Protein chains: 2
Amino acid sequence: MAKAIFYHAGCPVCVSAEKDILNIIPENQVEVIHLGTDKTKVKDAESSGVKSVPALVLSNGNVLHINFGASIDDLK
Amino acid sequence: MAKAIFYHAGCPVCVSAEKDILNIIPENQVEVIHLGTDKTKVKDAESSGVKSVPALVLSNGNVLHINFGASIDDLK
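By the naming in an unreviewed UniProt entry, chain A goes by Thioredoxin family protein and is assigned to Sphingobacterium humi.

Dropping the structure here:
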């Protein structure tokens, strides 16, 4: 099964959501990408439909925007 | 362990998120409450910090607002 991808940007909302998500999803089923430190991935995130972080892109392609930390536009 | 509670209101955004959440969280760890049909629970949701649905209230008290279907105010 393809992994889910959790995109975040290191903000407090992101870090809190990351802990919660990693609590409820087995860690080997989710890849965590920090868009603040890995700017090359911002385009990937955007083309997956991520509009803000934190967000979880599921293996079926659906995007769950979880709370609101920062807009993807602010990470470019 | 206390269960997480997934609040929704039957809207398309909610139904889609519900499927995704129940895919990634074991079903016996989450209780699903439909606020559209069970209006008595709207107050509980609100006092847990739910501002919109769909939302997942975790056993640690944190609220994950997932995408945006409807404001809790619209369900009263």
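Caption draft 1: Here's a closer look at the environment of A:K51. Residues and elements named next belong to chain A. For K51, the position within the fold is in the loop between α2 (42–47) and β3 (52–57). K51 gets classed as exposed once you look at its relative accessible area, which sits at 58%. Sequence separation between K51 and I72 is 21 residues, and the spatial gap between their C-alpha atoms is 5.4 Å. Every residue in contact with K51, bar those within four places of it in the chain, is listed here: H65, S71 and I72.

Caption draft 2: Up close: the interface of chain A and chain B. Between chain A and chain B, the contact holds 15 residues from the first and 15 residues from the second. Interface area, chain A with chain B, both sides summed: about 1,200 Å², of which 54% is carbon and sulfur. Of all residues in chain A, A:D20, A:I24 and A:L64 bury the most surface against chain B, accounting for 44% of the area lost on that side. Where chain A touches chain B, the interface holds 0 salt bridges. Secondary-structure elements contributing two or more residues to the side of chain A that touches chain B are α1 (12–24) and β4 (63–71) of chain A. Looking at the side of chain A that touches chain B residue by residue, the class counts come to 9 nonpolar, 5 polar and 1 charged.

Cut-off values and rules
- Residues numbered from 1 in each chain as written.
- Chains lettered and ligands numbered in written order.
- Predicted model: local features only at pLDDT ≥ 70, side-chain atom pairs only at ≥ 80, totals over all residues.
- Heavy atoms only, no water.
- Helix = DSSP H or I, 4+ residues; strand = E, 2+ residues; numbered from the N terminus.
- Buried < 20%, exposed > 50% of the residue type's maximum accessible area, 1.4 Å probe, protein only.
- Contact = heavy atoms within 4.5 Å.
- Buried area = accessible area lost by both parts, 1.4 Å probe.
- Salt bridge = Lys/Arg side-chain N within 4 Å of Asp/Glu carboxyl O.
- Nonpolar A, V, L, I, M, F, W, Y, C, P; charged D, E, K, R; others polar.

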